[in-house]
Amino acid sequence: MNNKRIKFHKTLLHEAISIIKTPIIIALLVTIVRYILELLGISENIIFIIGLLWLTLGFSIYWGIKLSDTKTPFILLLLCLIIFSPLSRIPVAILWWVDNKWEIGTHYGLYFNSFEQALFNQITYGSLIQLIPGFILGAITIAIMQKQHNKKHKNG
């Protein structure tokens, strides 16, 4: 790989990291809020809407709008999701450990036999649950925004 191409990839990575900084903090807060609501006995049917998938879908639309006028919007969207999704899942695995350690009994403590298993599942399967629909929705948003932008330039 030549230096120009390496610099391009580093720039994309740095841009993606700067884009996801605030969303990562929000994802952590959403996970903690959902955990607390579950501890308070709020029905899972109600707190279901407070989750990482819905958050990711919202961010994907936002990123699609924000990135639509960049040189490589689809690559940058995918890179943001590839970084954001597993990082946002790590707190869920930690809450699995907390739930099991102190036998709290939330849904976070279900399904796995070890922290490693919970972490692996969250980082792989959990991330894919966010990444795939997030990319599809973000890509649709980018396409719509670009079409509107082209229409304005054509008519303007």
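Bear in mind the structure is a predicted one, so any value in this text is a computation, not a measurement.

On to the packing of helix 3 (residues 52–67) against helix 5 (residues 115–155), then. A pair of packed helices is characterised by two quantities: the angle between their axes and the separation of those axes. One way to put it is that helix 3 packs onto helix 5 with a least axis distance of 8 Å and a crossing angle of 25°. The angle between helix 3 and helix 5 places the two elements in the roughly parallel class. When you trace helix 3 past helix 5, the crossing you get is right-handed. Of the residues in helix 5, those in contact with Leu52, Leu53, Thr56, Leu57, Ser60, Ile61, Gly64 and Ile65 of helix 3 are Ile129, Gln130, Pro133, Gly134, Leu137, Gly138, Thr141, Ile142 and Met145.

All right, on to the packing of helix 3 against helix 4 (residues 73–101) then. For the pair helix 3 and helix 4, interaxial distance at closest approach is 11 Å and the crossing angle is 155°. Put simply, helix 3 runs roughly antiparallel to helix 4. Crossing of helix 3 against helix 4: the hand is right-handed. For the pair helix 3 and helix 4, the contacting residues are Leu52, Thr56, Phe59, Ser60, Trp63 and Leu67 in the first and Pro73, Leu76, Leu77, Cys80, Leu81, Phe84, Ser88, Arg89 and Val92 in the second. When grouped by side-chain class, the residues that make up the contact of helix 3 with helix 4 number eleven nonpolar, three polar and one charged.

This next bit is on the environment of Ile144. Mapped onto the fold, Ile144 is located in helix 5. Residues Ile144 and Ile25 lie 119 residues apart in sequence; the distance between their C-alpha atoms is 28 Å.

Rules of the game
- Residues numbered from 1 in each chain as written.
- Predicted model: local features only at pLDDT ≥ 70, side-chain atom pairs only at ≥ 80, totals over all residues.
- Heavy atoms only, no water.
- Axes fitted to C-alpha atoms, helices over the stretch in contact; angles between N-to-C directions.
- Helix = DSSP H or I, 4+ residues; strand = E, 2+ residues; numbered from the N terminus.
- Parallel < 35°, antiparallel > 145°, perpendicular 65-115°, else oblique.
- Left-handed = near helix turned anticlockwise from the far one by under 90°.
- Contact = heavy atoms within 4.5 Å.
- Nonpolar A, V, L, I, M, F, W, Y, C, P; charged D, E, K, R; others polar.

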